[in-house]
Amino acid sequence: MNNSGVITHTATTLDIDKFQKYTGGKNALVAQGGGQRGIFTAGVLDAFLLSNFDPFDDFYGTSAGALNLCAFLCRQSGLARSFITELTTDPQFFHLFSYIRRKQYLDLDWALNKICEYPYKLDIDMGRRVLGKRRAMAAVTDSATMLDAYLPMLGDNWFKALIASCAIPRLYHQPVEVDGKLYVDGGVSASIPVQEAWRQNARLIVAIRTESETLGQEKQLASLETTEVERFRELEWFRESFSSIQGHWQQRFSKWKSDWNNFFFQQIERSKEQKKSQGLIEPMNGGRWLFGADDIYRMSHLLGDKFDAGLADMLMVHYQTYSLTEEFLREPPDDCFIVQIRPAEPLKSTSLLSKPDDLIHDYELGLKAGYQFVDTYLSVKS
């Protein structure tokens, strides 16, 4: 077994002896996005709060994951659950037909303003005191370079940082300007920012996932014809490490576009056929954005928007960085240990427009998984 493990609400799969060796170093907590599926993360973090459990030095969150971590640091149990179950289900936040008819965009500003008011009262000052000298960073994507960047989650620009991390292309009305740069959703370039945690010297990394299983590039490749697989695997960028990709990004960008277009549009057509024949299935990107990539394409068509090169580039970057992240999670560097906390089966909630009962069900799964991790951690420390 390598230096990684998985904890769900039903089982713990990790090498306890190896895990124990890493608990004395620098610990980081990472939270994936996923829209309303972040209700699972809310449950995990509430279990931590109710157990008075916080052995972490750094925090990294993307989109809904950043919002969840913010509530955790502010020590407000139940706040993230209320944000998702009450505010993100309100028509003021998002109404599908209003969006299609009038382009009434995702109202992130309204929701975040509401969570700061009575009866919610997000306590940013408490969060800053709790955080102290530790780091809490929200993942965003630089709209000019498509590279991931990290903004202080509880700094002076905390409101803009959280909005930027959630600013999903086509659903939020524009990129968010912070300190002279424009940012969009962190899920484009860093769905699960475990690499950044490792680069900042974290050696025990706990990643809260909103997916039940790997939906990475290997599973997508398995669905292609044999000739397509062989051609796709010949691409040099797929075999390169994350650091190398970062260093040669601009030089390889035009080549990626060419290689990507054929694969991406083939996957869109395949996804459409699957939905016709099988009914509702997992979104093409596993819900890492609020909609699957094919849903973004179809929504653009409904709105009469052009599915332009800019959006295609973002989707391409998302897929490649996500593939590299999955590889990193499966085979972490020898100097760190990664534990994934994730649901044992697909969540009932969807990225958006979830049913209330499904949200509560998934929250309770998160609670159980969170307690499972706390028990495991404390048992090896005792």
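Since the model is a prediction, treat every value here as computed from it, not as a measurement. (Residues numbered from 1 in each chain as written. Predicted model: local features only at pLDDT ≥ 70, side-chain atom pairs only at ≥ 80, totals over all residues. Heavy atoms only, no water.)

Undergrad: What's the story with the side chain of Ser349 in this structure? I'm lost.
TA: Positionally, Ser349 belongs in the loop between strand S10 (337-341) and helix H17 (356-381). A distance of 2.5 Å separates the side chain of Ser349 from the side chain of Asp362, its partner in a polar contact. The contacts of Ser349, once residues within four sequence positions are left out, are Gln36, Arg37, Ile39, Ser354, Asp358, Leu359 and Asp362. (Helix = DSSP H or I, 4+ residues; strand = E, 2+ residues; numbered from the N terminus. Polar contact = N/O pair within 3.5 Å; in protein donor to acceptor, adjacent residues only side chain to side chain. Contact = heavy atoms within 4.5 Å.)

Undergrad: Where do I start with empty space enclosed by the protein in this structure?
TA: Over the atoms, a rolling probe the size of a water molecule traces out where space has been left empty. For the structure shown, the criterion picks out six cavities of 30 Å³ or more. Empty space within the largest cavity amounts to approximately 290 Å³. At the level of elements, helix H3 (64-73), helix H4 (79-87), helix H6 (108-115) and helix H8 (158-166) are the ones that each hand at least two residues to the lining of the largest cavity. If you tally residues by element for the lining of the largest cavity, the top one is H3, at five residues. Classifying every residue of the lining of the largest cavity gives 19 nonpolar, six polar and no charged. (1 Å grid on protein atoms, 1.4 Å probe; cavity = no way out; pocket = protein on both sides within 12 Å on 5 of 7 lines; lining within 4 Å. Points joined across faces, edges and corners; volume = space filled by probe spheres on them. Nonpolar A, V, L, I, M, F, W, Y, C, P; charged D, E, K, R; others polar.)

Undergrad: I'm lost on the packing of H4 against H6 in this one. Help?
TA: Packed helices, taken two at a time, are described by their axes: the angle between them and the distance between them. One way to put it is that H4 packs onto H6 with a least axis distance of 11 Å and a crossing angle of 135 degrees. The angle between H4 and H6 places the two elements in the oblique class. Note on packing geometry: the crossing formed by H4 with H6 is right-handed. Mapping the contact onto sequence places Leu79, Phe83 and Leu87 in H4 and Trp110, Ala111, Leu112, Lys114 and Ile115 in H6. Its residues placed into classes, the contact of H4 with H6 shows seven nonpolar, no polar and one charged. (Axes fitted to C-alpha atoms, helices over the stretch in contact; angles between N-to-C directions. Parallel < 35°, antiparallel > 145°, perpendicular 65-115°, else oblique. Left-handed = near helix turned anticlockwise from the far one by under 90°.)

Undergrad: When you look at the confidence of the model for the chain in this model, what are you seeing that I'm missing?
TA: If pLDDT is low for a region, its predicted coordinates should not be looked at in detail. A residue-level look at the chain finds 72% of positions with pLDDT of 70 or above and a mean pLDDT of 80. With pLDDT under 50 throughout, residues 214-253 is counted as low confidence; its partners more than four residues away or in other chains account for 72 contacts. Within the model, the stretch residues 278-295 combines pLDDT values under 50 with 62 contacts to residues more than four positions away or in other chains. (pLDDT = per-residue confidence, 0-100.)

Undergrad: Is there a simple way to explain the UniProt feature "short sequence motif: GXGXXG" (unreviewed entry) in the chain in this structure?
TA: Per the UniProt annotation, the sites labelled "short sequence motif: GXGXXG" (unreviewed entry) are residues 33-38. Across residues 33-38, helical content stands at 0% and strand content at 0%; the span's end C-alpha atoms are separated by 6 Å. (UniProt positions renumbered as here; feature names shortened; annotations may be inferred.)

Undergrad: Explain the pairing of strand S3 (residues 27-31) here, please?
TA: Regular strands place side chains that alternate from one sheet face to the opposite one. With five of five residues buried, S3 is to be regarded as a mostly interior element. Of the two faces of S3, both are covered, the one formed by Asn27, Leu29 and Ala31 as well as the one formed by Ala28 and Val30. Sheet analysis places S3 next to strand S9 (residues 204-208), joined by five bridges and oriented parallel. Among the inter-strand pairings, Ala28 is bridged to a residue of S9, identified as Ile205. What joins S3 to strand S4 (residues 58-62) is helix H2 (residues 39-50), and the crossover it makes is right-handed. (Buried < 20%, exposed > 50% of the residue type's maximum accessible area, 1.4 Å probe, protein only. Pairing = 2+ DSSP bridges. Right-handed = clockwise from strand over helix to strand, strands pointing away.)

Undergrad: Can you walk me through the UniProt feature "active site" (unreviewed entry) in the chain in this structure?
TA: On the UniProt side, "active site" (unreviewed entry) is annotated at positions that read Ser63 and Asp185 here. These annotated residues cover 123 residues of sequence, and their C-alpha atoms all fall within 6.7 Å of one another, placing them together at a single site. Looking only at the residues we just named, the largest cavity is lined by Ser63. Checked against the element boundaries, Ser63 lands in the loop between S4 and H3. Aside from chain neighbours lying at most four places away, what touches Ser63 is Gly33, Ser165, Cys166 and Asp185. Summarising the element assignment, Asp185 is placed in strand S8 (residues 181-185).

Undergrad: Got a minute to help me understand H3 in this structure?
TA: Every α-helical turn comprises 3.6 residues, leaving residues that sit three or four positions apart pointing alike. Summarising burial for H3: ten of the ten residues are buried, a large majority. Two residues or fewer after H3 comes Arg75, characterised by a positive phi angle close to 60 degrees.

Undergrad: Teacher, can you tell me more about helix H7 (residues 124-131) here?
TA: For H7, the set of buried residues is Ile124, Gly127 and Leu131. Viewed end-on, H7 has its buried residues packed into an arc of 55 degrees, placing them on one side of the element. Against the buried residues of H7 lie S4, H3, strand S5 (135-142) and H8. Of the residues one or two after H7, Gly132 is the one with positive phi, at around 60 degrees. (Arc of directions from axis to C-beta.)

Undergrad: Help me understand the environment of Asp362, please; the structure alone is not making it clear to me.
TA: Here Asp362 is to be found in helix H17. Sequence-distant contacts of Asp362, defined by excluding residues within four places in its chain, comprise Ile39, Phe40, Leu347, Lys348 and Ser349. A distance of 3.0 Å separates the side chain of Asp362 from the side chain of His361, its partner in a polar contact.

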